[in-house]
Each structure stands twice: as C-alpha cells, then as structure tokens.
Amino acid sequence: MKRILVTGASGQIGSELTPALRERHGASSVVASDIRPPAPGTRLADGPFEQLDVRERARLREIVAAQRIDTIYHLAAILSATGEAKPQLAWDVNITGLVNVLEVARENPGVRVFCPSSIAVFGPETPRTPAPQLTVLRPSTIYGLTKVTGELLGDYYVERYGLDVRGLRYPGIISSETPPGGGTTDYAVDIFYKALQDGHYTCFVGPDTVLPMMYMPDCIRATLALMDADGARLTRHCDYNVAGLSFSAAELAAAIAAQLPGFVCTYEPDFRQAIADSWPQTLDDSAARADWNWRPAFDLDSMTRDMLRRLGPRLGR
Ligand code: NAD
Ligand code: SER
C-alpha cells in the first residue's frame, strides 16, 4: 500500500492533486502538508494534515518516518511574481526545501519523489515556438533560476545516488478549486472570476501575449501518468516538457465572451509582461508523448466551458 506525502498541499495544484491521490489510494494513505492548514469544508480537509515548513529538515524527516512515507509530491514553492518581490525567500523555499526533500528521500531508500519544474526555466534566448526539450536555459526570474537548479539537482540525485526523482515542466495551470498563488500566468484564472463577478477584467499582460497553459484535469493526469510510468522507459528525469494549450490573452477573452455575452477585457500590462515575454509560446513535448504516451484532453473551448460551468454556481451565476 502506498504512503504518500504532499508538500505545499494547500496551494493551487495540491488542493486538487491531493484529493485525486486520495481517491486512488484511500484518504488515510495520503498526508497533506503545508505552512497553512486546509480551509475547513474543502476536499483537502478530508484527510490527514501535517503542518510543515519544507525548510525544516528535521520536521520533514520526522513526518516521513512516522507516516512511513514512500512517495513525496513536493509542491511547496514560491512562484514567479511573488519571487520577484521576495527573491531571497524564493531561493530559500525553492532550493532549501528541495534539498531537504531529496536528502530525506536519500536517507529512506525506495522513496520516489515528484518535483515539478516550469516553463519558467526558459528565458529570452530560448526558441519560443516551440521551446525544444533540450535547449538554452537562461531564465530572467529568480523563480526560473530555482527551477533550473531544481531540475539539475533532481537529475544529480538520480545519477549520483540512484534516487527515483521525476518532474514535469508545467505550463501555466488553469483551475477553479483554489486561486493561483502569485504567478505570471494567474491572469488566465483571474479573468474567469472577474468575468463572472463584474463582466469586466483588466488584464496585466497585453492582448497578444501567448503562453503555454494547461487545464487542471490534464495537469493531474500528466502528473499521475509520469509517476506511474515504467522507469525503464523514461529518457528524461526531472525536466519533461508537457504541452496543453497555447492562446493569446485576447483569444481567451474572446472564448469567455462567446459564453458570457457582454464580457469586456481591457489591458494594462505591468511588471509581469516582461516575465511573460521571456517565456516561450508553445512547447515541444515529443519526449513525454513518446515515453509515457502524454496527450492533453482539453482545448481552449472545452476548458473555457468547464471553468464557467464549475465557477458560475459558486459565484452566484
Ligand atoms: P501555490 O503557490 O498555489 O502553492 C504553493 C504552496 O506552497 C502554498 O500553499 C504555500 O502555502 C506553500 N508554501 C510556501 N512556502 C512554504 C514552505 N516554506 N513550506 C511549506 N509550504 C510552503 O503553487 P502551485 O501553483 O500549487 O504550484 C505547485 C508547484 O507547481 C510549484 O513547484 C510550482 O513551481 C509548480 N508550478 C506551478 C504552475 C502553476 O501554474 N500553478 C506552473 C508551473 C509550475
Ligand atoms: N504559473 C507559474 C508562474 O506564473 C509558472 O511556473 O509563476
């Protein structure tokens, strides 16, 4: 029987990945952890929770031993926009936290680690359409620096210590359960809330900004598929490109307006425009497709309909 620990479980991805893992393995087998407890009444609150700051190795070690953990989904991180406001914190949480997870896994032979990377590993010198699997990684954000370092560290632990560490370069994740936590791609979620609440959204990137995105059900499927994959078939470890959908901010606004007539989006780019401009527009995910049969299920239209269907009733529409 699997014994799973999720760090950063109260965040955008953890709040949906943790319940998905509990459906598969049983609620008591999946321990959520974060510096902030789950909100009462949420699906995340429906199972064991441990308060854990991933920078505290002794506490992590204690939880892994007491709960007999054999798999860690390490989601705790500071994302791109917050990282630019607090670069030292981003380095500390993203790097010290990851080193602690890898070291505790090393102390416990057989523990498998999932550590997500991001499109933020790419920078202005990376080809943008598509970003290749193997390419220039010279990001301009501290978040991107930590993600490149994380990929290399994970690969190092695989080669040096024989650890089983796996990771995906997630695109911007779009979801309805929990708002995103301080990233550059947050506009692609915020726009749905504002469209339903106010009929108007002021977007913080310009209308022609195109970025790789992914709808949460595809994000969960990709994560579980990589962790289920036969290790012998994997040609990469911690850096799989994985594509969902790519669209401009104006195309997203038009897709929402097609469902919500009268919705208007205006544009006031801020500091996040430069971050978005340093990332690619599309991704070459042929390695993920070949190695573990990755195929996204959602396109712009089906994602938009599903987001509005889920969020609408919650926001009184
Ligand atoms: P999020 O910001 O929504 O959640 C991160 C969680 O980590 C939060 O609940 C926060 O309380 C927690 N946390 C922060 N500092 C902590 C600490 N010191 N100890 C323990 N917990 C701490 O982020 P997310 O979107 O759920 O992202 C999860 C992972 O996926 C991250 O590694 C992120 O870099 C990666 N990722 C996310 C996206 C996206 O669009 N959401 C895209 C690419 C990569
Ligand atoms: N969605 C994330 C961000 O914008 C990408 O890793 O920071």
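Asks: Give me the lowdown on the sheet that holds strand 8 (residues 168–170), citing residues and values where you can.
Replies: Spatial strand order, 6-8-12: 3 strands in an open sheet with parallel pairing. Every other strand in the sheet has two partners, leaving strand 6 (117–118) and strand 12 (240–241) as the edge strands with one partner each. Bridging between strand 6 and strand 8 involves 2 bridges; their strand directions are parallel. Each bridged residue has a counterpart across the sheet, and for Ser117 the counterpart in strand 8 is Arg169.

Asks: Break down helix 6 (residues 187–197) for me, with residues and values.
Replies: Of all the 11 residues making up helix 6, 8 are buried; the element is thus mostly covered by neighbouring parts of the structure. Among the residues of helix 6, Tyr187, Ala188, Val189, Ile191, Phe192, Tyr193, Ala195 and Leu196 are the ones counted as buried. Immediately beyond the C-terminal end of helix 6, within one or two residues, lies Gly199, with a positive phi of roughly 75°.

Asks: Explain the pairing of strand 4 (residues 71–74) to me, and be specific about the residues and the numbers.
Replies: Burial along strand 4 is two-sided: the face carrying Thr71 and Tyr73 and the face carrying Ile72 and His74 are both buried. In this sheet, strand 4 lies alongside strand 1 (residues 4–7) in parallel orientation, the contact comprising 4 bridges. Residue pairing across strands places Val6 opposite Tyr73, the latter belonging to strand 4. Pairing of strand 4 with strand 5 (residues 112–114) involves 3 bridges; the strand directions are parallel. Along strand 5, the bridge assignment pairs Tyr73 with Phe114.

Asks: Tell me about the packing of aromatic side chains, and please be specific about residues and values.
Replies: Applying the stated criterion across every chain, the model contains 9 aromatic pairs. Arranged with centres 5.6 Å apart and planes meeting at 90°, the rings of Tyr187 and Phe204 form a pair that is edge-to-face. Separated by 17 residues along the polypeptide, Tyr187 in helix 6 and Phe204 in the loop between strand 10 (200–203) and strand 11 (210–215) bring together distant segments of the chain. Of the two residues, Tyr187 and Phe204, both sit in the buried class. Linked through ring pairs, Tyr73, Phe114 and Tyr170 together constitute an aromatic cluster. Geometry around Tyr161 places Arg106 over its ring, the cationic atom sitting 4.4 Å from the centre.

Basis of the calculations
- Residues numbered from 1 in each chain as written.
- Chains lettered and ligands numbered in written order.
- Predicted model: local features only at pLDDT ≥ 70, side-chain atom pairs only at ≥ 80, totals over all residues.
- Heavy atoms only, no water.
- Pairing = 2+ DSSP bridges.
- Helix = DSSP H or I, 4+ residues; strand = E, 2+ residues; numbered from the N terminus.
- Buried < 20%, exposed > 50% of the residue type's maximum accessible area, 1.4 Å probe, protein only.
- Phe/Tyr/Trp six-rings, centres within 6.5 Å; stacked < 30°, edge-to-face > 60°.
- Lys NZ or Arg CZ within 6 Å of the ring centre and 35° of its normal.

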